[in-house]
Amino acid sequence: MTDRTDIAVVVIGRNEGARLVAALVSLAGKVQRVVYVDSGSTDGSLLAAANAGAQIVELDLDTPFTAARARNAGFEALDPLPEFVQFIDGDCILEPDWITAGLDAMRKNADIGIVTGWRSEVYPDASVYNGLADFEWHRPAGDIEACGGDMMVRTSVFTTVGGFNPHVIAAEDDEFCTRVRKAQWRVHRLPVRMTQHDADTHRFGQWWQRAVRTGHGFAQVGALHPEYFLRARQRVWFYGAILPIAAVLALLFLPWMLLPVFGLYILSYLKTVRGLMRAGLGGRKALHQSVFLSLSKFPNLIGLLTYHWRVLRSSDMAIIEYK
């Protein structure tokens, strides 16, 4: 049996509606303490959290919202501190056996600072964008570099590394995990179902904005940890900027050079297809999803440039929303 006094859950959300209700229901009976951190919701989120018996933290509207800031606020509201904290986003449902599995791994491995599991989409076939997200979550188990925001953390580790960086607006979980690893703690994924996520992405514009946010994360986290996301940034610059510039120059001066430029895009697409199929995705879905993965370099580039423009102008790192 799980000792529910050893762990608390921090849920973060903003206008999640029915998704938050489902998240809170999935936590019932799993732990004794649930903290819900709200980032300016205008729907019924606060009432839903109150009805579920959660402790509520409302973020100050005068400071820019970030998921990192919300998670820190939830952690700070825990008094006394438990030994472990499970973080979960308000659009996720916790799997029934996850808390027991996560605690068991933590207690048996004193060098693990963060433990996570497998996340899946609730409605992976509702749109190609949901399908992309679902496949994105399928990663190998074992020691890993980083994980998403759904994670179980040893509170002593959280305190030692200073929690999440509240100024990082995307990939804040990658940045946090990187500091945990640099502090000589393991980040580990169990081959166990942890959460079900509802991406609720049905429009191209939503997908595009999410990819812009991803690019911003590549740049901002890369500025803090240059070795991290290095290959991702290189691919964005090459396919999102260098090749398009080469295509324009070829069109103006050497039209025959357009063939090798487009050939590189085709080779990249085919390589992506092969990679997805090797990872277990069916041929038709691999062909379809590879189109978006190839196209993503352009909104990623916008995100990269947005970050650098903000730094140049000393502007706030405002969140980039897609839902």
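Refer to the structure presented above.
Computed from a prediction, not measured in an experiment: that's the story for all the values here.

Asker: Let's hear about the side chain of Asn165: which residues, and what values?
Answerer: Secondary-structure assignment places Asn165 in the loop between helix 6 (155-161) and helix 7 (172-182). Polar contacts involving the side chain of Asn165 include one to the main-chain amide nitrogen of His167, which spans 3.0 Å.

Asker: How would you explain the pairing of strand 6 (residues 112-121) if you had to name every residue and give the values?
Answerer: Of all 10 residues in strand 6, 9 are buried; the element is thus mostly enclosed. As defined by bridge partners, strand 6 adjoins strand 9 (residues 186-197) across 8 bridges and the pair is classed as parallel. Among the inter-strand pairings, Glu121 is bridged to a residue of strand 9, identified as His197. Alignment of strand 6 against strand 8 (residues 151-154), held across 2 bridges, turns out to be antiparallel. Bridge assignment links Val115 to a residue of strand 8, and that residue is Met152.

Asker: Can you explain a nonpolar patch on the surface? Please cite residues and give values.
Answerer: A cluster of nonpolar residues, Ile245, Val248, Leu249, Leu252, Phe253, Leu254 and Trp256, forms a patch on the protein surface that exposes about 790 Å² of accessible area. With respect to the helices, strands and loops of the structure, Val248 is situated in helix 9 (residues 230-253). For Val248, a relative accessible area of 48% translates into the label partly exposed.

Asker: Account for the state of the cysteines, naming residues and giving values.
Answerer: Cysteine pairs can be linked by a disulfide, which is a covalent bond between their two sulfur atoms. With the rule as written, the count across this model stands at 0 disulfides. Note on Cys92: no disulfide assigned, nearest cysteine sulfur contributed by Cys147 at a separation of 12 Å. What makes Cys92 buried here is its relative accessible area of 0%. Considering cysteine sulfurs only, Cys147 is the nearest to Cys177, which forms no disulfide, with 3.9 Å between them. Cys177 gets classed as buried once you look at its relative accessible area, which sits at 0%.

Asker: Break down the nonpolar core for me, with residues and values.
Answerer: With 47 residues, the main nonpolar core has Val10, Val37, Phe87, Ile114, Met151 and Phe176 as its most contacted residues. Residue contacts for Met151: discarding those within four places in its chain leaves Val85, Gln86, Phe87, Ile114, Val115, Phe164, Asp173, Phe176 and Cys177. Of all hydrophobic cores here, the second largest spans 25 residues; its members include Leu20, Leu27, Ile88 and Ala105.

Conventions used here
Residues numbered from 1 in each chain as written. Predicted model: local features only at pLDDT ≥ 70, side-chain atom pairs only at ≥ 80, totals over all residues. Heavy atoms only, no water. Helix = DSSP H or I, 4+ residues; strand = E, 2+ residues; numbered from the N terminus. Polar contact = N/O pair within 3.5 Å; in protein donor to acceptor, adjacent residues only side chain to side chain. Buried < 20%, exposed > 50% of the residue type's maximum accessible area, 1.4 Å probe, protein only. Pairing = 2+ DSSP bridges. Patch = residues over 30% accessible without salt bridge, like charges linked within 9 Å, V, L, I, M, F, W, Y side chains within 5 Å. Areas by Shrake-Rupley, 256 points an atom, 1.4 Å probe, with all protein chains shown as cover. Salt bridge = Lys/Arg side-chain N within 4 Å of Asp/Glu carboxyl O. Disulfide = S-S within 2.5 Å. Core = buried A, V, L, I, M, F, W, Y, C linked by side-chain atoms within 4.5 Å. Contact = heavy atoms within 4.5 Å.

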